[in-house]
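Coordinate inspection notes
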Amino acid sequence: MAAHVPNVESIVQGLRQHHPDATYELDWSTPEQMLVATTLAAQCTDERVNKVTQTLFVKYPSPKAFAEADFDELAEDLKPTGFFRQKAQAVQAICRALVERFGGKVPRTIDELTSIHGIARKTANVVLNCCFDLPTGIIVDTHVQRVAQRMGLSTNTTPEKIEADLMQQVPKDDWTFFGPAMVIHGRYTCTAKEPACARCPFLDQCPRKGVDGPRPQAAPAPPPPRKFQGPRKVVGEDGVARPITAGGRPSTTATTLTVDPWVATLAKPMDEPWFLELLDFVERERAEHEVFPPRDQVFSAYSLTPLAEVKVIILGQDPYHDVGQAHGLSFSVQPSVPIPPSLRNMYKELHGDLGIDAPAHGHLRRWAEQGVMLLNAVLTVRAHEPGSHAGHGWERLTDATIQAISRERDHVVFLLWGKHAQKKAKLIDRGKHTVLEANHPSPLSARQGFFGSRPFSGANAALERKGQAPIDWRP
């Protein structure tokens, strides 16, 4: 009988074929959130952690908030994850260290990260591999440990030694993919009990060390659906997390939208000739004029608020048309840009409605990450020429987006400000969703029906009536 000898190159290729979008199955928007979530995942399923962090990260939006939290209250919030008092203590200690030593941000070297008491090498690799795509090592959790031993990739029993064995065999360029992919393979195929060897793509070369029973007949089949469907993403130098392609590189242009979870829903309109003509039009415009927002930010509303997470949608009309303003979210501007008049009026209403003080910036990314889709009807514009890209096809895509939300989601709140947005009401099933209408927050109309409309508390009330967590409207 031929020996079953593992070949690392073919294993990596097989993992990329069967798990091309493999990602660690914890939900996060910032590296600091991933660090907290990984800490909570000890002796707890990722699925349960994700349920807890859905509201936890609203209540404690930063390491500073965790560090300053009342201990007993934080422990109570962590109770569903088990060992909650120990975890509350660990989370607060880690977050205090981030605030005191690293300005409230996760450091980008493994030596700095593991210098924080309570952060072991595996946790550091999870954060640095998954959030920054940094090959600091290979993630070795219980799944990777088991699979590596069964495949004959390591005879060692400690995570540190198993990691060292894997780092010698797996090309460094593959480290950040290999760890999460092996976790997925171990979680859904090479399970601890009754591994699905028959459908495993590596059956012909796996020695099945420690697995009882005869080698089964190969019966190749796709892996079962994963419980977590979030995209693989990476944080850039600008601090923004973006989806990355199956090839492992950050999404930078509109043509890499295929990595976005919206694509399956919008595949039909995006496959039609008019959409390709629209993309060609925008590229011709970029060749001849300055166009906003930059290519890698056109689809920010989609990337930051996947369909499955949409709770509120705020419709805008056109991107801002001055330099440095537009970044793909309606009404929002980059942090260093002066706050535009309409957004300033939104902040005034936010204060009158919920008592939230206006920040010094106009960056609404926190809203988007909580499920507030900030969608413009038109996604690009020529510099200093408002409305210049209207009528070229964007409206067809964004109308399809609104229809998809109405059709596939339940109990979404639609905030329609001004006549242009209110024309979209015909696309919304009012029997399933809440539609709140008001005048536009522009200085020309804010005093004729926007001020006093209380859209933010109204949206939260509608969400809570349907058993959903409210939005933390602090920008």
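Just so you know, the residues in each chain are numbered from 1, in the order the chain's sequence is written. Only residues with pLDDT of 70 or above have their local features reported here, since the model is predicted, and side-chain atom pairs are shown and tallied only from 80 upward, although totals for entire chains, interfaces and linings are computed over all residues. Only hydrogens and water are removed before side-chain values are computed, so all heavy atoms of the structure are retained for them.

**As for the sheet that holds strand S8 (residues 434-438)**
Our working definition: Only when DSSP finds a minimum of two bridges between them are two strands counted as paired. Elements are defined by DSSP. Helices are runs of H or I of four residues or more, strands are runs of E of two residues or more, and each kind is numbered from the N terminus. All axes are obtained by fitting lines to C-alpha atoms, using only the stretch in contact for helices, and the reported angles, taken between N-to-C directions, cover 0 to 180 degrees. We call two residues contacting when some pair of their heavy atoms lies within 4.5 Å.
Spatial ordering of the open sheet is given by S5-S4-S7-S8, a layout of four strands whose pairing is parallel. Of all the strands in the sheet, just strand S5 (372-376) and S8 have a single pairing partner and so form its edges. The sheet shows a mean angle of 20 degrees between the axes of neighbouring strands, direction not considered. As paired strands, strand S7 (residues 413-417) and S8 are joined by five bridges and run parallel to one another. Its bridge partner being in S8, Leu 415 is matched across the sheet by Leu 436. Lying on the sheet, helix H17 (residues 394-408) is in contact with strand S4 (312-316), S5 and S7; it crosses S5 at an angle near 155 degrees. Against the sheet, helix H19 (residues 455-465) touches S4, S7 and S8, its axis set at about 160 degrees to S7.

**Thoughts on the confidence of the model for the protein**
Spelled out, the test is: Values of pLDDT, ranging from 0 to 100, describe the predictor's confidence in every residue of the model.
Here the protein shows a mean pLDDT of 90. Residues at 70 or above account for 94%. Predicted confidence is poor over residues 246-260, with pLDDT under 50, and the contacts of this stretch with residues over four places away or in other chains come to 32 contacts.

**Comments concerning helix H1 (residues 8-18)**
The cut-off we apply is this: Burial here depends on accessible area, computed with a 1.4 Å probe over protein chains only, as a share of the maximum for the residue type. Under 20% is buried, over 50% is exposed, and the range in between is partly exposed. What the arc covers is the set of directions going from the helix axis to the C-beta atoms.
Taken residue by residue, H1 has Val 8, Ile 11, Val 12, Gly 14 and Leu 15 as its buried positions. Mapping the buried residues of H1 onto a view down its axis gives an arc of 160 degrees, with all of them on the same face. Looking at H1, the residues exposed on the side facing more than 90 degrees away from the buried face are Glu 9 and Gln 17. Packing partners of the buried residues in H1 comprise helix H9 (142-151), helix H10 (159-169) and helix H11 (175-188).

**Comments concerning the layout of surface pockets**
Rule in force here: Using a 1 Å grid laid over the protein atoms alone, points where a 1.4 Å probe fits but cannot get out form a cavity; open sets with protein on both sides within 12 Å along at least 5 of 7 lines form a pocket; any residue with an atom within 4 Å of a point counts as lining. Grid points are joined across faces, edges and corners, and a volume is the space filled by probe spheres set on the points. In the scheme used here, Gly and all other residues not listed as nonpolar or charged are polar, with Ala, Val, Leu, Ile, Met, Phe, Trp, Tyr, Cys and Pro taken as nonpolar and Asp, Glu, Lys and Arg as charged.
Of the pockets and cavities examined, the second largest pocket occupies roughly 570 Å³. Along the wall of the second largest pocket there are 32 residues; nearest its centre are Asp 318, Tyr 320, Phe 331, Ser 342 and His 440. Elements with a contribution of two residues or more to the lining of the second largest pocket: S4, helix H15 (341-354) and helix H18 (419-422). The dominant element in the lining of the second largest pocket, judged by the number of residues it contributes, is H18, at three residues. Counted by class, the lining of the second largest pocket contains 16 nonpolar, 14 polar and two charged residues.

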